[in-house]
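Topology and contacts: notes
This is what each chain is made of:
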Amino acid sequence: MSTTHLAAGSTEARTEFLFATFNGQKITTAKLIVNLLQAVVGVLIVLLNGLVLDTMVRQGKSREAADLLVAGLALSDALVGVIVLWVSVYNIVYFQVVEECLLRLGLAHSTMAISAFLLLCLSADRFMKIILPYQYIDVCKKWTVWVVMVVVWLLGIGIGSLPLLGWNSAETTNSSGDPICGYFKIMNPDYLRMYSVVICTPICAIIILYLKLFHVARKHAVAIATTQGSVTSKVTADHRHVWRYTKTVFIIVGVYFICWLPLGVVVMCSVTGVLDHMSISKRGDLMLYTGIFVFCNSLLNPIIYAKKIPAIRRRFTAMFCCCRKKDESSEHTFSITNTDK
């Protein structure tokens, strides 16, 4: 009986592991399939967000200032797709090189910080458009947004580069038995605390801005309802146009919060010591599982654009539908801020 079990066990072991990496990591059929599917998701993220960027470029001079922020967010999401592909290769090859690990994690930190800052800029843009419309015309010009974009990207890249520049807890030897590239092993706890503050600051600011916006929205609704005459139609049209775009930004921000919350909770619990009873490997597994929602965020954003923004919806329809109804008049209405309900 025991001989049969041993034979079955050895057969199972032979079929379970496809190959072993240079670092001794055993790759199973299930792990290979999961990472190949993850690579497909990465390709979709890059493709869809690349279409959004290409749509923005095709707009030319019809772009509005806020459209550049949406383009920057799409570029950040496209980089997330690159990271997804990179992680898929890493999980299969499993090269344990400290510099590669710090570069990969630093890029992930940069994209997350850039996304948070850009969402804050988008929310601030909507806030000024509604609360301070006259000042908005003078302040939110294209060159101003370009300056903000450059500052945001430089700041995000700088924050993500700190571990690679030396602020890390990397070890040259694997004395503890945990992988050298384990996230909570290689990342310095003080850096993670600082990074958590950096990410939480724009998130809190976004919440405050939207609370104020929705408070003002109720006042606007009452004012428009009491307005009479021909002015009402124009005021109502302008009001609806502004709030359609604001609602789109709010949906993007809401999806961002939902998708990043699980990962954020894991990181916060780790840096505050709540997960100290768990091994570094188990905490890394938690990050892996919650990171799936982060990938979904970068995949959902272009779908939201296609749903709410006519120009991008037309581009997606032309790309993915076999037949297309040509509408010459709509070809010239290419502004991203011309949003639907």
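All chains use their own residue numbering, which begins from 1 and follows the written sequence. The model is predicted, so local features are restricted to residues of pLDDT at least 70 and side-chain atom pairs to those at 80 or more, both for listing and for counting; the totals for chains, interfaces and linings are taken over all residues. Side-chain measures were taken over the full set of non-hydrogen atoms in the model, leaving aside hydrogen atoms and water.

What about the overall build of the protein?
Short version of the rule: In this text, helices come from DSSP runs of H or I with a minimum length of four residues, and strands from runs of E with a minimum of two, each type numbered from the N-terminal end. Only protein chains enter the accessibility calculation, which uses a 1.4 Å probe; a residue is then buried when its area is under 20% of its type maximum, exposed when over 50%, and partly exposed in between. Whether two residues touch is decided by their heavy atoms; if any such pair falls within 4.5 Å, the residues are in contact.
Within the protein, the regular secondary structure consists of 12 helices and 2 strands. With 341 residues in all, the protein has 43% of them scored as buried. Put simply, of all contacts in the protein between residues at least 6 apart along the chain, 76% involve residues at least 24 apart.

Re a nonpolar patch on the surface
To be explicit about the condition: Residues qualify for a patch when their relative accessible area is over 30% and they have no salt bridge, like charges being joined within 9 Å and the nonpolar side chains of Val, Leu, Ile, Met, Phe, Trp and Tyr within 5 Å. For the area figures, the Shrake-Rupley method with a 1.4 Å probe applies, and any residue is considered shielded solely by the protein chains shown. Counted as salt bridges are all cases of a side-chain nitrogen of Lys or Arg within 4 Å of a carboxyl oxygen of Asp or Glu.
Together, Val-40, Leu-44, Leu-47, Met-319 and Phe-320 make up a nonpolar patch on the protein surface, roughly 440 Å² of accessible area in all. Looking at the nonpolar patch, the elements with two or more residues in it are helix H2 (29-59) and helix H11 (310-320). Of the residues forming the nonpolar patch, the biggest block, 3 residues, is contributed by H2. Inspection of the secondary structure assignment puts Met-319 in helix H11.

As for helix H6 (residues 142-161)
Put simply, the rule reads: Expected helix span is taken as 1.5 Å per residue step, with the number of steps being one fewer than the number of residues. Directions from the helix axis toward the C-beta atoms define the arc.
The terminal C-alpha atoms of H6, which comprises 20 residues, lie 28 Å apart, in line with the 28 Å expected from a rise of 1.5 Å per residue. Three or more residues of H6 are buried, namely Thr-144, Val-145, Met-149, Val-152, Trp-153, Gly-156, Ile-159 and Gly-160. The buried side chains of H6 occupy one side of the element, clustering within an arc of 165° when seen end-on. Summarising the geometry of H6, the exposed residues directed more than 90 degrees from the buried face are Trp-143 and Leu-154.

Digging into the side chain of Asn-91
Relative to the assigned elements, Asn-91 resides in helix H3 (residues 65-93). The residues touching Asn-91, leaving out its near neighbours within four places in the chain, are Ile-27, Lys-31, Asn-35 and Gln-38.

Details of the confidence of the model for the protein
Put simply, the rule is: How sure the predictor is of each residue is captured by pLDDT, a score from 0 to 100.
Mean pLDDT over the protein stands at 76; residues scoring 70 or higher make up 74%. Ranking the elements of the protein by mean pLDDT puts helix H12 (residues 328-331) last with 40 and H6 first with 91. Per-residue pLDDT stays below 50 along residues 228-232; that stretch engages in 2 contacts with residues further than four places along the chain or on separate chains. Confidence drops under a pLDDT of 50 for residues 325-337, and excluding neighbours within four residues, the segment shows 25 contacts in the predicted structure.

Quick word on the state of the cysteines
In plain terms, the rule: By definition, disulfides here are pairs of cysteine sulfur atoms that lie within 2.5 Å.
With the rule as written, the count across this model stands at 0 disulfides. Between Cys-200, a free cysteine, and Cys-204, which holds the nearest cysteine sulfur, the sulfur-to-sulfur gap is 6.0 Å. Residue classification places Cys-200 among the partly exposed positions, given a relative accessible area of 34%.

Here's the deal with the packing of aromatic side chains
As a reminder, the rule being used: Stacked, tilted and edge-to-face are the three classes assigned to paired rings of Phe, Tyr and Trp, where Trp is represented by its six-membered ring and a pair needs centres within 6.5 Å; plane angles under 30 degrees give stacked, over 60 edge-to-face, the rest tilted.
Under the counting rule described, the total for this entry stands at 6 aromatic pairs. On the basis of an interplanar angle of 25° and a centroid distance of 6.0 Å, the ring pair of Tyr-191 and Tyr-195 is categorised as stacked. Within this pair, Tyr-191 and its partner Tyr-195 are both found in helix H8 (residues 189-226), separated by 4 residues, close to a single helical turn. Each of the two residues, Tyr-191 as well as Tyr-195, counts as buried.

Digging into the pattern of salt bridges
In the structure shown here, the tally under the stated rule is 3 salt bridges. We note a salt bridge from Glu-100 to Arg-104, for which the minimum N-O separation is 2.8 Å. Here Glu-100 and its partner Arg-104 are both found in helix H4 (residues 98-131), 4 residues apart, which amounts to about one turn of the helix. Across the pair, Arg-104 and Glu-100 agree in class, each one buried.

A look at the packing of H2 against H3
To describe two helices that pack against each other, one gives the angle between their axes and the distance between the axes. How we decide: Under this scheme, a helix contributes an axis fitted over its contacting stretch, all axes are lines through C-alpha atoms, and angles between N-to-C directions fall in the 0 to 180 degree range. Angular relationships are summarised with four words: roughly parallel below 35 degrees, roughly antiparallel beyond 145, roughly perpendicular across 65 to 115, and oblique for the angles in between. We call a crossing left-handed when the near helix sits turned anticlockwise from the far one by less than a right angle, and right-handed when that turn is clockwise. Under this grouping Gly is polar, as are all residues other than the nonpolar Ala, Val, Leu, Ile, Met, Phe, Trp, Tyr, Cys and Pro and the charged Asp, Glu, Lys and Arg.
In contact at an axis separation of 8 Å, H2 and H3 are set at 160° when each is read in the N-to-C sense. Here H2 is positioned roughly antiparallel relative to H3, judged by the angle of their axes. Crossing handedness for the pair H2 and H3: left-handed. A per-class count over the contact of H2 with H3 returns 18 nonpolar, 8 polar and 3 charged.

What about the nonpolar core?
Here is the rule: Here, the term nonpolar core denotes a set of buried Ala, Val, Leu, Ile, Met, Phe, Trp, Tyr and Cys residues that are joined through side-chain atoms within 4.5 Å.
Formed by 68 residues in total, the largest nonpolar core has its most connected members in Leu-118, Met-187 and Tyr-305. For this core, the element with the highest residue contribution is H4, accounting for 15 residues. When neighbours within four sequence positions are excluded, Leu-118 is seen to be in contact with Leu-69, Gly-72, Leu-73, Met-149, Val-152 and Trp-153.

Quick look at the packing of H3 against H6
In contact at an axis separation of 8 Å, H3 and H6 are set at 25° when each is read in the N-to-C sense. Comparing their axes, H6 and H3 come out roughly parallel. Note that H3 runs across H6; the crossing there is right-handed. On H6, the residues touching Ala-65, Leu-68, Leu-69, Gly-72, Leu-75, Ser-76 and Leu-79 of H3 are Lys-142, Val-145, Trp-146, Met-149 and Trp-153. Of the residues that constitute the contact of H3 with H6, the class distribution is 9 nonpolar, 2 polar and 1 charged.

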